[in-house]
Each structure stands twice: as C-alpha cells, then as structure tokens.
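# Architecture and fold: a report
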Amino acid sequence: MVTVVPLSAQWEPERGDTMTLTLTVLLCLGLSVDSRTRVQTGTRPKPNIWAEPGFVIPWWTSVTIWCQGGLEAQEYRLHKEGKLETWDRQKPLEPGDKAKFFIRYMRVMHTGRYRCNYLSPTGWSELSEPLVLVMTGLQNKPQLSALPSHVVTPGRNVTLQCGSWLGFDRFVLMKEGENQPSWTMVSQRAPRGGTHALFPVGPVNTSLRWTFRCYGYYNTTSQIWSHPSDPLELLASCHKHQRSWIPVPVTFFLMLFLLLLFLLVRHQRQKKCCKSSASRPQVETKTLQKSSSSVAPVQDENKKAEVRESQPEEDIQMDSEAMASEEPQDVTHAQRNSLNLGQETSAPPSSQSTEAPAEPSECAALSMH
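Note that this is a predicted model, so its numbers are computed, not measured. (Residues numbered from 1 in each chain as written. Predicted model: local features only at pLDDT ≥ 70, side-chain atom pairs only at ≥ 80, totals over all residues. Heavy atoms only, no water.)

Attention now moves to the nonpolar core. Ranked by size, the top nonpolar core spans 28 residues in total, and within it Ile65, Leu133 and Trp225 carry the most contacts. If you look at the next biggest cluster of nonpolar residues, it comprises 18 residues, including Val158, Phe199, Phe212 and Cys214. (Core = buried A, V, L, I, M, F, W, Y, C linked by side-chain atoms within 4.5 Å. Buried < 20%, exposed > 50% of the residue type's maximum accessible area, 1.4 Å probe, protein only.)

Right, here's the structure in full:
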C-alpha cells in the first residue's frame, strides 16, 4: 500500500528545527547590533577633568581646564551643561593623553558645569565627571570667626560662624588645600541683622593645618560667589597634663627671684644703717671738740682777768720790773709757755687742759719772791 504524502508536508520542517533556526537568526542580528553600538558609543573609560589653579576663580582672571584620557586619543571635546553643541575642541598634547582648554578672562558666561570626552580608534569615550567653575568677586566678603575661640584642644570640635550683612542665601566653607567645598550651609537670620551660618568642624588634629575661608552666594546665582573672607587658622592647644606642669617652673623661678630681691634690699638697708650708726659718734666727738676748743680760750681769758684784778697796782709794777730784769732764760721759758698754751688750745679738751692757764701766774709769783 502506497502512502501519499501531501506536497505541503514535504516542505514543512520539523518544529525543533524551526526554533533552532529562529534562535540562530536572532543571535546573529544581536551580535551585529551590539558591535555597531560599541563602535558608535565607544568602549574607552571616561577621562579625568580638572581646573588650574582651581575651580573657584576670581573675576577677570584666567583658568585652564584639563582633560586627560588615553594615549590613543585623537581629539578632545569640552561640553558645557545647557549647551547643545560642543563648547570647544582640542587636539591632544604630547604624549597624547591630555588636552587643555584655556579661558583667558573669567566672566559670568564661563560659570557652570563642564564635562569632556575623547575620540579613539574604537570610538568616543564616556563623558567625564562634571567640573563646576565658580566665579568670585562680585559681592563683599563675609566675616569668619570661631566660637568660642580659634584655640582648640586636640580631638575637640569647634564651631565656625560665617556671616554677612548682605543677606546671602547660602554660605560655603572652604578648607585650605582642598579643591572642593568642605561644607555648604543654608543661611539663618543673625540676631544683629543680616544672615549667617554655623559650621561644626572637628575633631581638630594637630598634625594637619586647619585654615579656612568662607563665601556667600544667592540661590539664583549659585556659581557666583562673594569675595573670600579673611583666612582663619585653628590653633591646637596643649593637652591637659602638659598645662598642669608647664606653669610650675615659671612660678618657682618667679618666687625665687622675688626672694632674692627681698634679701638684697634688706642687706642694703642693713648696710646703710650700720654706716649711719658708725658715723654718729664721730660727729658727736667733733662737735664736742669744737665746743671745748671754743670754750677753753674764753676760760683762760677770764682767769687771767681775775688774776690781774686780784693783784695790787704795786704788784703789777713790780711784776713788770721783774719781767724786764729777768734773764733771757726766763723770757725763753715764758715764750715756751705761751707756745704750749697755743698748742693746748688747739688740742682736744682734757682735764689737764683746764688747769694749764694757772702756770703763768705761779711763775709770776715765784719771780716776785
């Protein structure tokens, strides 16, 4: 018996073969689409982007944007957010892994977010991370201060206050040496007018330098900041155990100095007192000598006058005659007596000096007899 197979059944493949064929076709199409997409979008890693001297640029100063990719880069492009077309294009510099985009004068039109990419033999790379360029200098600087003080114990926190009378919406705190904002805070109404923001900073480390500046800006112009504040440097104070022993030597030396000064003054006073007490007896003796020397001649004259008054006139004449008839020995004796009398008047007073004036009268009485 002959079985007749329909013509349509002869050309119908099995169900398993149909599924295999379908999968094969889809796989081929997928590979072709994937390769085409890879060629269009590129498989190179995204480049790095940065600005020199930094992303915060004073008004009307120059800035350079750098884009660094691979050595096989053939072209670099700079894109600015909000612009449909490419901002700038540059050929790579030697050795070919980076390009620079130079802005001579920073203005408001240059503020914003930038990205870059590069073209390689396999296609365009991915876009870089965004770079924000900020311009400063169109508003007055705010004031930056530390609460309670800029001298901080290591390991402790401190609060920095940035404020302005202009009423900024936000304040930015920048730490020296960093290329990105350290903190951005929404402003608050200050008790004395204007606005301010409080930034908690810490813990403070003595091995690092903590110098800060702050800026203010308005919400409508977030890439236009004020002038920077004056720099504020946080100083790390000594530890507690160091503060306990540092003043001790200072106090000790101060007390020792005061003690030595007191002893020196006391010694000088004692020395002066000794000198004054030693000079007093000499002064007294001198005064006594002067008084006695002045009194002795007066007493001698008085005694001579008494002797003359007690003698009669005849005795006086006889005395004169006797004196005239005396030998030269007697004259010499009288002269010696007068000389001794003069010396005794100038000598210090004594018990013998008071009796000396009686000698001439005795000599006169002997001559009479």
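The sheet built from five strands is open, its strands ordered 11-19-17-13-14 with mixed pairing. Taken across any chain shown, the strands that pair with only one partner, and hence form the sheet edges, are strand 11 (151–152) and strand 14 (183–186). Note: strand 13 (residues 170–175) against strand 17 (residues 210–217), six bridges, orientation antiparallel. What sits directly across from Phe171, in strand 17, is Gly216. (Pairing = 2+ DSSP bridges. Helix = DSSP H or I, 4+ residues; strand = E, 2+ residues; numbered from the N terminus.)

For strand 9 (residues 131–136), the buried fraction is high: five of the six residues fall into the buried class. Here strand 2 (residues 56–58) pairs with strand 9 via three bridges, running parallel. Residue pairing in the sheet places Ile57 in a bridge with Met135 of strand 9. Strand direction decides the pairing type here: strand 7 (residues 112–120) and strand 9, joined by three bridges, are antiparallel. Along strand 9, the bridge assignment pairs Gly112 with Leu133. With two bridges connecting them, strand 9 and strand 18 (residues 224–225) associate as parallel partners. Bridging from a neighbouring strand, Thr136 pairs with Trp225 of strand 18.

The next subject is the sheet that holds strand 12 (residues 158–164). Reading across the sheet, the four strands line up as 10-12-16-15 and stay open at both edges, with antiparallel pairing between neighbours. On the outer flanks of this sheet lie strand 10 (143–147) and strand 15 (188–189), each paired with one strand and no other. Pairing geometry for strand 12 and strand 16 (residues 195–201), over seven bridges, is antiparallel. Counterpart to Cys162 in the pairing with strand 16 is Ala197.

Our focus in this paragraph is the pattern of salt bridges. Counted according to the given criterion, the structure contains five salt bridges. Residue Glu81 is joined to Arg113 by a salt bridge in which the shortest nitrogen-to-oxygen separation is 3.1 Å. One end of the pair, Glu81, is in the loop between strand 4 (75–80) and strand 5 (88–90); the other, Arg113, is in strand 7, and 32 residues separate them in sequence. The exposed category is assigned to Glu81, whose relative accessible area is 51%. The partly exposed category is assigned to Arg113, whose relative accessible area is 31%. (Salt bridge = Lys/Arg side-chain N within 4 Å of Asp/Glu carboxyl O.)

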